[in-house]
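# Structural description and commentary
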Amino acid sequence: QVQLVESGGGLVQPGGSLRLSCAASISIFRINAMGWYRQAPGKERELVAYIPSGGRTSYADSVKGRFTISRDVAKNMLYLQMNSLKPEDTAVYYCNAGIPPYEYWGQGTQVTVSS
């Protein structure tokens, strides 16, 4: 069983920045891939950013150039740096970890972009 705990969400004005963090209960060396997803009210959950072990990061077109996914293997942490935030980025953001054939989710953290 893998536990993921997100933090760092909150209310921010358009154009502002937030950094989300996800703490994993195991060494992230054991995790195949990690990612951030988000779900806005009335919409399906969507992939925001993805980082496989030893591979290249990938991003949803809507966040390219604004968001950066990274990880700290020594601290077993996953991060999402979000810059130039827009109202349409408002959603609950979830951390995801894949250890085939299983997939694990955090509880989510709310990000609200509003003036």
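Residues numbered from 1 in each chain as written. Predicted model: local features only at pLDDT ≥ 70, side-chain atom pairs only at ≥ 80, totals over all residues. Heavy atoms only, no water.

### A short note on the pattern of salt bridges
A complete count under the given rule lists 4 salt bridges for this structure. Put simply, Arg38 and Asp89 hold a salt bridge, and the shortest N to O gap is 3.0 Å. Of this pair, Arg38 sits in strand 4 (residues 33–39) while Asp89 sits in the loop between strand 8 (77–82) and strand 9 (91–99), and the two are 51 residues apart along the sequence. Here the two residues Arg38 and Asp89 agree in accessibility, since each one is buried. Among the charged side chains, a network of salt bridges with common partners joins Arg38, Glu46, Arg66 and Asp89. (Salt bridge = Lys/Arg side-chain N within 4 Å of Asp/Glu carboxyl O. Helix = DSSP H or I, 4+ residues; strand = E, 2+ residues; numbered from the N terminus. Buried < 20%, exposed > 50% of the residue type's maximum accessible area, 1.4 Å probe, protein only.)

### Things to note about the sheet that holds strand 1 (residues 4–7)
Read from one edge to the other, the open sheet built from 4 strands follows the order 1-3-8-7, with strand pairing classed as antiparallel. At either end of the open sheet lies a strand with only one pairing partner, and these are strand 1 and strand 7 (67–72). Taken over all neighbouring pairs, the strand axes of this sheet differ in orientation by 15 degrees on average, direction set aside. Where strand 1 and strand 3 (residues 18–24) come together, 4 bridges link them in antiparallel fashion. Bridged to Leu4 within strand 3 is Ala24. (Pairing = 2+ DSSP bridges. Axes fitted to C-alpha atoms, helices over the stretch in contact; angles between N-to-C directions.)

### Let's talk about the nonpolar core
Residues Leu4, Met34, Trp36, Leu80, Met82 and Tyr93 are the most contacted members of the largest nonpolar core, which totals 31 residues. Of all the secondary-structure elements, those providing two or more residues to this core are strand 3, strand 4, strand 5 (46–52), strand 7, strand 8, strand 9 and strand 11 (109–113). Excluding its chain neighbours within four sequence positions, the residues that come into contact with Leu4 are Cys22, Ala23, Ala24, Met34, Cys95, Asn96, Ala97, Tyr104, Trp105, Gly106 and Gln107. (Core = buried A, V, L, I, M, F, W, Y, C linked by side-chain atoms within 4.5 Å. Contact = heavy atoms within 4.5 Å.)

### Describing the environment of Leu18
Looking at where Leu18 falls in the secondary structure, it is placed in strand 3. Judged by its relative accessible area of 14%, Leu18 is buried. Residues Leu18 and Val111 lie 93 residues apart in sequence; the distance between their C-alpha atoms is 8.6 Å. When sequence neighbours within four positions are dropped, the list of residues in contact with Leu18 reads Gly8, Gly9, Gly10, Val12, Leu80, Gln81, Met82, Leu85 and Val111.

By themselves these figures say nothing about function.
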